[in-house]
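Descriptive structure summary
Chain residues, written in single-letter form:
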Amino acid sequence: MDVSPIIDPLNEAQREAVTAQNAHLLVLAGAGSGKTRVLVHRMAWLMQVDQVPATGLLAVTFTNKAAREMRNRISEMMNLSGYGLWFGTFHSIAHRLLRAHWQDAGLPENFQVLDSDDQLRLIKRVMRDLQIDETRWPPKQVQWFINGQKDEGLRADHIQDNPGDHFVSVMLKIYRQYEKQCQLSGLVDFGELLLRSHELWLKKPALLGHYQRRFQHILVDEFQDTNTIQYAWLQVLAGQRVPMTIVGDDDQSIYGWRGARIENIQKFQQDFPDARLVRLEQNYRSTQTILKAANAVIANNQGRLGKELWTDGPDGELINLYAAFNEQDEANYIADTISAWVDDGNLRSEAAILYRSNAQSRVLEEALLRQGIPYRVYGGLRFYDRQEIRNALGYLRLVHYRHDDAAFERVVNTPPRGIGAKSLGELRELATGQGISLWQAAERLLEAGAMKGRAKTGLQQFIGLIESLAADQDELDLKQLTQRAIEGSGLRDHHANEKGEKAQARVENLEELVSAMADFEVEDGIDPLSEFIAQAALDAGESQADEHQDSVQLMTLHSAKGLEFPLVFLAGVEEGLFPHSMSLEEPGRMEEERRLAYVGITRAMKRLVMTYAESRRLYGQEKFHALSRFVREVPGDCIQEVRLRNTVTRPALTQRPNEGLFDSTPMADAGLQLGQRVHHPKFGEGVVMNCEGSGHHTRVQVNFDDGAKWLVLAYAPLEKL
Ligand SMILES: Nc1ncnc2c1ncn2[C@@H]1O[C@H](COP(=O)(O)OP(=O)(O)OP(=O)(O)O)[C@@H](O)[C@H]1O
Ligand SMILES: [Mg+2]
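Residues numbered from 1 in each chain as written. Chains lettered and ligands numbered in written order. Predicted model: local features only at pLDDT ≥ 70, side-chain atom pairs only at ≥ 80, totals over all residues. Heavy atoms only, no water.

Thoughts on the overall build of the protein
As a reminder, the rule being used: Only DSSP runs of H or I covering at least 4 residues are called helices, and only runs of E covering at least 2 are called strands; the numbering of each starts at the N terminus. Atoms counted for the radius of gyration: C-alpha only. Globule rule: 2.2 Å times residue count to the power 0.38. Whether a residue is buried, partly exposed or exposed follows from its accessible area with a 1.4 Å probe, protein chains only, as a fraction of its type maximum: under 20%, in between, or over 50%, in that order. Throughout, a contact is declared for two residues whenever any of their heavy atoms are within 4.5 Å. What sets the accessible areas is the Shrake-Rupley method with a 1.4 Å probe; for residues, cover comes only from the shown protein chains.
Looking only at helices and strands, the protein features 27 helices and 22 strands. Over its C-alpha trace the protein gives a radius of gyration of 28 Å, about what one expects of a compact globule, namely 27 Å for 721 residues. Viewed in the frame of its principal axes, the protein has a C-alpha envelope of about 80 × 75 × 60 Å. Counting all 721 residues of the protein, 55% fall into the buried class. Expressed as a percentage of contacts within the protein between residues at least 6 apart in sequence, the contacts between residues at least 24 apart total 75%. For the protein, the exposed area adds up to about 31,200 Å²; of that, 48% sits on carbon and sulfur atoms.

See the structure below:
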């Protein structure tokens, strides 16, 4: 038996972790020290040396993307198909369990996973039924409340109603009714997946025993971001029996705002006192410079478990800091830098642009588009979150399960078929009154002849369509079924006829869905349609269409966790943006922001570029932010400032392709350029930030001490300084 492929690529500490005898193991180590590598190699070791079958391992990762990557690595190493391994996120594993044991879990066989958009719709509906005012109690806040409770393992019945606390009373009332509605319609939201499978363990000891015998080892990556219910779930499953390998980094806990509990690390050590602790300190990912910057930033946090990373790699290049005039300039600079990087023979996919807020991506995307640089966005507007895709899936969901009320509401009148708010209201009323699904309500109203005119024909058509798709289901493969749903429902034409550029993109996305269906494979005995629908809900946000094209990666800092790229941009390093304005007042949240900065910096392998904009238009407002404190925490000798005041391209507003930079424009004629310091008799000194329009209409934007002003160039008495 040759274990060298498993052991050779590891250092001493990593080997210790990989080969540790069957006890609980905690690997606590900083970014890029090989935690994930240890996890994968440990699985290989357990299979090869301890003869654990693939089916005896349960591995939990944070994203489906990470799960796929690890599955590939281990399949390669062990020459396995990868099937049989229980490998996935907490949610996908819980989902798999509930599918297998729906009866024991008290669910209908065809229960549906409710993603967050559908959840919000359902909450709104419940609030309407309860006649609770949406303006006073924003549904998003209700959603936040319900999910927060579920993350803590609390059902409505577990929470004490306190008449003195009106807020909790109202929330509980909605929560209770929401739970009832979900149960009635066979709907399971993300939090419920975990909560219910945790209850399943507790309720069915025999079943728990079965899985405890089956799983000979449990492995968890990114443990610092588990929440209360996830930890409880693990703890019950492991019991006294199943050894666990837990891997994490307290400095990278970034989901506290979503219920993650960094304390779970200490809790694990208390609950499993015999757990062996291994620390890894050598970083294999980044240059000395990048690592030094990361270490210096995170050192400003209190109460860390404490660890310092080192590397014997090269110093590498200095971190570049670019001060842009505004967000357009920032985006252009990034796109230019990527072009140069690609011209040097590098791959686009080796470059990642990371940002704090999703809204930042649009301007970045536009700059990349202008320069013809292919890119992919992870998170944000995700493929399965797009309206047209959700519409198409709505039809398929109904084919699969008629009582899926969320799907019914979504597509019964999309495309419009004369079923207006009034008819829908009648359907809802009947459904709520009788405790039946909207589908059943529709059938009853039609039977009773209670529907009239267009609504009647529309509803008949709709029901006929779903029934006929369902009837043909056995003869068609998934791809044909989808195609027929998209065409037969009129969805394709509906989106094709929309106004503007969106129409084209929407039709393309629908086509992409059909091809995704063609590629979809399942194990024998599993219904492909039901599996696809569940995957789409669970996967939303991670996978995208053009998987194979070499493209720049765009994502939020949160979704970059666990990943690495040779070239990383941190865009928008500004106070109020990153750290986010919401965290400025609260020390706890500020520390979480700093951990996010640590995650961001440590994604970079060779080159790190940070950019900020002196003025930024975001959410429709112009803001002037100061440089982020996180940049100021980086030692000065790690950073090099790039200032391109004289060569910078003008903002997109005025730039035409191939136009010379500043020659012969009204601004140049006035002897001005972006970044020029000027004096105005009334407003004082300022800097030229932006320029738009032409001829007599040319306006320049000048950043004065008390704010920015747009001035008509022809009339403004600006004096160069
Ligand atoms: N012993 C080693 N020799 C060479 N390269 C290694 C070694 N250990 C890890 N690496 C490489 O270092 C990089 C970081 O490893 P890995 O992603 O496993 O770190 P991590 O601790 O999981 O990081 P993060 O905290 O960001 O998730 C990877 O490219 C990995 O292949
Ligand atoms: Mg990792």
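Focus on unusual backbone geometry
Cis peptide bonds are those with omega within 30 degrees of zero, and the linkage from threonine 414 to proline 415 qualifies with -5 degrees. The omega torsion of the bond from phenylalanine 578 to proline 579 falls at 5 degrees, within 30 degrees of zero and hence cis. Within the secondary structure layout, proline 579 lies in the loop between strand S13 (565-571) and helix H25 (587-601). The residue glutamine 51 is not glycine, and still its phi comes out positive at about 60 degrees. Here glutamine 51 lies in the loop between helix H3 (35-48) and strand S2 (57-61). Its relative accessible area of 58% is what places glutamine 51 among the exposed residues. A positive phi angle, near 55 degrees, is found at glutamine 131, a position not held by glycine. As for its placement among the helices and strands, glutamine 131 is situated in the loop between helix H6 (116-129) and helix H7 (139-151).

Observations concerning the sheet that holds strand S9 (residues 319-324)
Test applied: The pairing criterion for strands is at least two bridges between them, as found by DSSP. Fitted lines through C-alpha atoms serve as axes, helices being fitted only where they are in contact, and the angles separating the N-to-C directions of these axes extend from 0 to 180 degrees.
Strands sit in the order S11-S12-S10-S13-S14-S9-S17 across an open sheet of 7 strands; the sheet is parallel. Of all strands in the sheet, those bounded by a partner on one side alone are strand S11 (375-377) and strand S17 (639-642). On average, each strand axis in the sheet is inclined to that of its neighbour by 20 degrees, with strand direction left out of account. Of the pairings in the sheet, the one linking S13 to strand S14 (residues 604-613) comprises 6 bridges and is parallel in character. Among the inter-strand pairings, valine 568 is bridged to a residue of S14, identified as leucine 608.

Regarding helix H10 (residues 205-214)
Every buried residue belonging to H10 is among Leu207, Leu208, Gly209, Tyr211 and Gln212, and all of these are buried. Of the surrounding secondary structure, the elements contacted by the buried residues of H10 are strand S3 (86-89), helix H5 (90-100), helix H9 (190-203) and helix H11 (228-238).

Focus on the packing of aromatic side chains
Our working definition: A pair of aromatic rings is counted whenever rings of Phe, Tyr or Trp (Trp by its six-membered ring) have centres within 6.5 Å, and the orientation is called stacked for planes under 30 degrees apart, edge-to-face for over 60 and tilted otherwise.
For the coordinates displayed, the defined rule picks out 18 aromatic pairs. Residues phenylalanine 90 and tryptophan 233 carry aromatic rings whose centres are separated by 6.0 Å and whose planes lie at 85 degrees to one another, so their mutual orientation is edge-to-face. Of the two residues, phenylalanine 90 is situated in helix H5 and tryptophan 233 in helix H11; the sequence distance between them amounts to 143 residues. The buried category is assigned to phenylalanine 90, whose relative accessible area is 8%. When the centroid spacing of 3.9 Å and the interplanar angle of 15 degrees are considered together, the rings of tyrosine 322 and tyrosine 333 count as stacked.

Observations regarding the side chain of aspartate 118
In plain terms, the rule: Any pair of N or O atoms that falls within 3.5 Å is considered a polar contact. Within protein, one atom must be able to donate a hydrogen and the other to accept it, and sequence-neighbouring residues count only if both atoms are side-chain atoms.
Relative to the elements of secondary structure, aspartate 118 occurs in helix H6. With relative accessibility at 1%, the residue aspartate 118 sits in the buried group. A distance of 3.3 Å separates polar atoms of two side chains, one belonging to aspartate 118 and the other to arginine 390. Within the structure, aspartate 118 has its side chain in polar contact with the side chain of arginine 397 (distance 2.8 Å). Beyond its immediate chain neighbours, meaning those up to four positions away, aspartate 118 contacts Arg390, Arg397 and Ala406.

Quick word on the nonpolar core
Defined as follows: In plain words, nonpolar cores are sets of buried Ala, Val, Leu, Ile, Met, Phe, Trp, Tyr and Cys residues tied together by side-chain atoms within 4.5 Å.
Core analysis: the biggest nonpolar cluster contains 44 residues, and Tyr395, Leu396, Phe408, Leu427 and Phe462 have the highest contact counts within it. Only helix H16 (387-400), helix H17 (405-411), helix H18 (421-434), helix H19 (438-447), helix H20 (453-472), helix H21 (478-488), helix H23 (502-519) and helix H24 (528-539) provide two or more residues apiece to this core. Looking at which element gives the most residues to this core, the answer is H20, with 8 residues. Among all residues touching phenylalanine 462, those that are not within four sequence positions of it are Tyr395, Leu398, Phe408, Val411, Val412, Arg417 and Trp439. In this structure, Tyr378, Met555, Val573 and Phe578 belong to the second largest nonpolar core, which totals 41 residues.

So, the site of ligand 1
Note the cut-off: Throughout this document, a residue counts as near a molecule or strand when at least one of its heavy atoms sits within 4 Å of that molecule or strand. Under the scheme applied here, ten amino acids are nonpolar (Ala, Val, Leu, Ile, Met, Phe, Trp, Tyr, Cys and Pro), four are charged (Asp, Glu, Lys and Arg), and all others, including Gly, are polar. Bear in mind that the domain bounds are from an automatic or database domain assignment.
Neighbouring residues of ligand 1: 19 residues in total, closest Lys35, Thr36, Gln252, Glu564 and Arg603. Here an oxygen atom of ligand 1 and a side-chain polar atom of arginine 285 are 2.8 Å apart. Its residues assigned to classes, the shell around ligand 1 comprises 4 nonpolar, 9 polar and 6 charged. The residues that make up the shell around ligand 1 include at least three from each of domain 1 (4-101 + 195-282) and domain 3 (283-382 + 544-663).

A closer look at the environment of glutamine 328
Within the secondary structure, glutamine 328 sits in helix H14 (residues 327-343). Sequence separation between glutamine 328 and leucine 393 is 65 residues; the distance between their C-alpha atoms is 36 Å.

Details of the environment of aspartate 404
Summarising the element assignment, aspartate 404 is placed in the loop between H16 and H17. In this structure, the C-alpha to C-alpha distance between aspartate 404 and valine 113, residues 291 residues apart in sequence, is 9.9 Å. For aspartate 404, the residues in contact, after removing those within four places along its chain, are Gln112, Leu187, Arg397 and Leu398.

A word on the packing of H6 against H18
Here is the rule we go by: Note on terminology: angles under 35 degrees are roughly parallel, angles over 145 are roughly antiparallel, angles of 65 to 115 are roughly perpendicular, and the others are oblique.
H18 packs onto H6 with a crossing angle of 75 degrees between their chain directions and a minimal axis gap of 12 Å. Overall, the two elements H6 and H18 adopt an arrangement that is roughly perpendicular. Here H6 contributes Arg125, Arg128 and Asp129 to the contact with H18, which in turn contributes Arg428, Ala431 and Thr432. Class assignment of the residues belonging to the contact of H6 with H18 gives a composition of 1 nonpolar, 1 polar and 4 charged.

Some details on the UniProt feature "binding site: ATP" (unreviewed entry) in the protein
Basically, it comes down to this: UniProt positions are given in the numbering used here, feature names are shortened, and annotations may be inferred rather than shown by experiment.
Residues given the UniProt feature "binding site: ATP" (unreviewed entry) here are Ala29, Gly30, Ala31, Gly32, Ser33, Gly34, Lys35 and Thr36. Within the secondary structure, alanine 29 sits in strand S1 (residues 25-29). Alanine 29 gets classed as buried once you look at its relative accessible area, which sits at 0%. The residues touching alanine 29, leaving out its near neighbours within four places in the chain, are Lys35, Gly248, Asp249, Leu280 and Lys307. The residue threonine 36 is located in helix H3 in this model. Overall, the relative accessible area of 22% leaves threonine 36 in the partly exposed class. Beyond its immediate chain neighbours, meaning those up to four positions away, threonine 36 contacts Met70, Arg73 and Asp221.

Section: the pairing of S14
This is how the line gets drawn: If the strands point away from the viewer and the path from the first strand over the helix to the second runs clockwise, then the crossover is right-handed.
Of all the 10 residues making up S14, 8 are buried; the element is thus mostly covered by neighbouring parts of the structure. Strand direction decides the pairing type here: S9 and S14, joined by 5 bridges, are parallel. Looking at the pairing, leucine 321 lines up with methionine 610 of S14. Handedness of the β-α-β unit built from S13, H25 and S14 comes out right-handed.

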